[in-house]
Amino acid sequence: MTLQQLKALRQVADCGLNISRAANLLNTTQPAVSRMIRSLEQEIGTELLIRSGTRISGMTPQGAEILSRARQILIDVANLKLLAQDEHEAGVGVMKIGTTHTQACYGLVEVVKKFKAL
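Below, the structure is looked at part by part.

**Some details on the overall build of the protein**
On a plain count of helices and strands, the protein comes out with five helices and two strands. Reading the protein from its N end, one meets helices and strands in the order α-α-α-β-β-α-α. Its C-alpha atoms give the protein a radius of gyration of 25 Å, clearly above 13 Å, the size a compact globule of 118 residues would have. Projected onto its principal axes, the C-alpha coordinates of the protein cover approximately 80 × 25 × 20 Å. When the 118 residues of the protein are sorted by exposure, 25% land in the buried category. Of the roughly 8,600 Å² of accessible surface on the protein, 55% is carried by carbon and sulfur atoms. The centroid of the 14 positive side-chain charges in the protein is displaced by 6 Å from the centroid of its 10 negative side-chain charges.

**Some remarks on helix α3 (residues 30–44)**
Three- or four-residue spacings in an α-helix give side chains the same orientation, since the helix completes a turn every 3.6 residues. With 15 residues, α3 should cover 21 Å at 1.5 Å per step; its first-to-last C-alpha distance of 21 Å lies within 8% of that length. Taken residue by residue, α3 has A32, V33, S34, M36, I37, L40 and E41 as its buried positions. Of the surrounding elements, those touching the buried residues of α3 are α1 (3–14), α2 (19–25) and β1 (49–52). Residue G45 follows α3 closely and has a positive phi angle near 90°.

**Some points on the packing of α1 against α3**
Between α1 and α3, the shortest axis-to-axis distance is 9 Å and the interhelical angle comes to 110°. Regarding the angle of α1 to α3, the classification is roughly perpendicular. Pair α1 / α3 crosses with left-handed handedness. Contacts between α1 and α3 involve Q4, Q5, L6, A8, L9 and V12 from the former and V33, M36, I37, S39, L40 and E43 from the latter. Among the residues forming the contact of α1 with α3, the class breakdown is eight nonpolar, three polar and one charged.

Rules behind the numbers
Residues numbered from 1 in each chain as written. Predicted model: local features only at pLDDT ≥ 70, side-chain atom pairs only at ≥ 80, totals over all residues. Heavy atoms only, no water. Helix = DSSP H or I, 4+ residues; strand = E, 2+ residues; numbered from the N terminus. Rg over C-alpha atoms; globule rule 2.2 N^0.38 Å. Buried < 20%, exposed > 50% of the residue type's maximum accessible area, 1.4 Å probe, protein only. Areas by Shrake-Rupley, 256 points an atom, 1.4 Å probe, with all protein chains shown as cover. Lys, Arg positive; Asp, Glu negative; His and termini not counted. Charge placed at Lys NZ, Arg CZ, Asp CG, Glu CD. Expected span 1.5 Å × (residues − 1). Contact = heavy atoms within 4.5 Å. Axes fitted to C-alpha atoms, helices over the stretch in contact; angles between N-to-C directions. Parallel < 35°, antiparallel > 145°, perpendicular 65-115°, else oblique. Left-handed = near helix turned anticlockwise from the far one by under 90°. Nonpolar A, V, L, I, M, F, W, Y, C, P; charged D, E, K, R; others polar.

Structure below.
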């Protein structure tokens, strides 16, 4: 099971079960999205989509549950990326202080030095 397969399933659901539209948004082809979903179904061992010939008419109950969990997994992955980014950029930023000339020259110098040290 790959994140790409889970993204494909989520995008198909978000596009009203339209695989062509989902493929366009995923910057891939319709057959590639169909293969990803079929591969996911084979790996999980159950059908996720209700098919009528070449049309998709809905999601199976298992498909709806797996979609719900896939959404949470993808949110968690995005949060992991944000966590890593926050850690990487922890010491980077801009701080602006509005103050008087006297406070800037005499009162804030030590406070800012302590802040920077932390």
